[in-house]
Amino acid sequence: QAKKSGRNTRRLFDQQMNQEVVRYVETRDALKLALAHGELELHYQPQIALGARRKDDRLIGAEALLRWNHPERGLVMPDDFIGVAEESGLIVPIGAWVLRQACRQAVAWQAAGLPVDIIAVNFSAVQFRQGKIDAVVFDALEESGLAPECLDLEITESILLEDLQRVLAALQRFEARGIQLSIDDFGTGFSSLSYLRQFPVHRLKIDRSFVRDILKDPGDRALVQTIIQMARNLNLRSIAEGVEDPLVLEQLRALGCNEAQGYLFSRPAPPEAFTRWLAGLGGGKP
Ligand code: C2E
Ligand code: MG
Ligand code: MG
Ligand code: MG
């Protein structure tokens with residue numbers, strides 16, 4: 001009996017494994033075509049510098065967020081395919097496309113007189129494994145004409161699992177050109193703080209999971225306060241992600257947080273909607 005149920009469990013396990021492999025292969029192949037067929041697009045979410053009061057808040061830039069406009073499935077969100085892109089290495093050409101597209105869009109907004117001084121682009125740790133990382137970044141800047149100071153690369157603490165010397169050397173070359181660096185989802189990864197001093201970091205992005213409950217959870221509030229203070233002590237800026245509630249925003253302001261981003265200001269939106277939102281700032285939302 002035990003043996004039989006063991007066999008059944010094994011079979012179920014094999015089936016699940018098999019389904020996962022099939023899903024992986026399907027997604028990978030479809031993603032490869034998506035890039036070639038122009039099914040990938042970027043949405044943009046505003047980043048806001050916090051003033052003394054809400055009326056003093058001002059737009060500083062936008063984060064580019066990848067979407068896959070799938071012919072059958074509709075708009076597919078990055079959490080459903082970035083993992084496959086990373087595992088398959090497709091994130092390398094996709095990441096290069098994202099960077100080029102985001103830089104171009106930022107220049108277009110700047111040329112139209114819109115105050116997009118920062119374009120934040122999510123950068124996967126896997127992208128550092130390729131040899132041509134410098135070419136990818138510098139070509140995107142040169143081709144678009146974007147000032148390097150306007151580009152902000154968002155990396156996560158998972159970067160610490162990579163070849164650190166290699167990553168560090170690349171980041172230092174970026175820094176030498178004036179490119180900015182943010183640590184995304186800060187606080188969710190490894191708590192090694194010494195890397196913060198080694199890395200040419202400009203900004204800490206406080207993870208949404210801590211920001212969300214700062215009014216209700218004293219522990220979260222203490223954590224957010226600590227990150228904001230640490231950023232200040234290290235001469236870095238702090239930005240809170242996932243701000244949805246005006247009271248949370250006021251709490252962040254009181255804690256001295258420099259910048260914020262979240263549904264409260266705007267959801268990520270396609271370029272045209274973002275442009276409309278920008279043009280009518282204070283008016284409608286996308
Ligand atoms: P992330 O970089 O931490 O981006 C923040 C995520 O939170 C985005 O989800 C954004 O839409 C969402 N968000 C923003 N404000 C709020 C809010 O007020 N409330 C809530 N509930 N959510 C909010 P999204 O667009 O689904 O992206 C998920 C993740 O996928 C990103 O997290 C990033 O890690 C990754 N990603 C997105 N685009 C790219 C890309 O071009 N390259 C790479 N390598 N990763 C990307
Ligand atoms: Mg990000
Ligand atoms: Mg984040
Ligand atoms: Mg996040």
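Read on for an overview of the structure. (Residues numbered from 1 in each chain as written. Chains lettered and ligands numbered in written order. Predicted model: local features only at pLDDT ≥ 70, side-chain atom pairs only at ≥ 80, totals over all residues. Heavy atoms only, no water.)

### Overview of unusual backbone geometry
Backbone geometry follows two general trends: most residues other than glycine have a negative phi, and most peptide bonds adopt the trans configuration. Cut-off, in case you're wondering: Here a helix means four or more residues in a row that DSSP labels H or I, a strand means two or more in a row labelled E, and each is numbered from the N terminus. The classification of residues rests on relative accessible area computed with a 1.4 Å probe and restricted to protein chains. Under 20% of the type maximum is buried, over 50% is exposed, and intermediate values are partly exposed.
Of note, the phi angle at aspartate 185 is positive, near 50°, even though the residue is not glycine. Among the structural elements, aspartate 185 can be located in strand β6 (residues 180-186). A positive phi angle, near 65°, is found at asparagine 235, a position not held by glycine. Turning to its location among the elements, asparagine 235 is positioned in the loop between α8 (218-233) and β8 (237-240). Residue asparagine 235 is classed as exposed on the basis of its relative accessible area of 72%.

### Looking at the site of ligand 1
Condition: Proximity criterion: a residue is near a molecule or strand once any of its heavy atoms comes within 4 Å of it. Counting of polar contacts relies on pairs of N or O atoms within 3.5 Å, with two restrictions inside protein: one atom must be capable of donating a hydrogen and the other of accepting it, and residues adjacent in sequence are counted only when both atoms are side-chain atoms. Per-residue and other accessible areas follow the Shrake-Rupley method at a 1.4 Å probe size, with only the shown protein chains counted as cover for residues.
Inspection of the region around ligand 1 gives 24 residues, with Arg67, Asn122, Asp184, Glu244 and Tyr263 positioned closest. Glutamate 63 is positioned with one of its side-chain polar atoms (N or O) 3.1 Å from an oxygen atom of ligand 1. Between aspartate 185 and ligand 1, the recorded distance is 3.1 Å, taken from a side-chain N or O atom to an oxygen atom. Protein chains shield 86% of the accessible area of ligand 1, which is 790 Å² for the free molecule. Looking at the shell around ligand 1, the elements with two or more residues in it are β2 (58-70), α3 (91-111) and β6.

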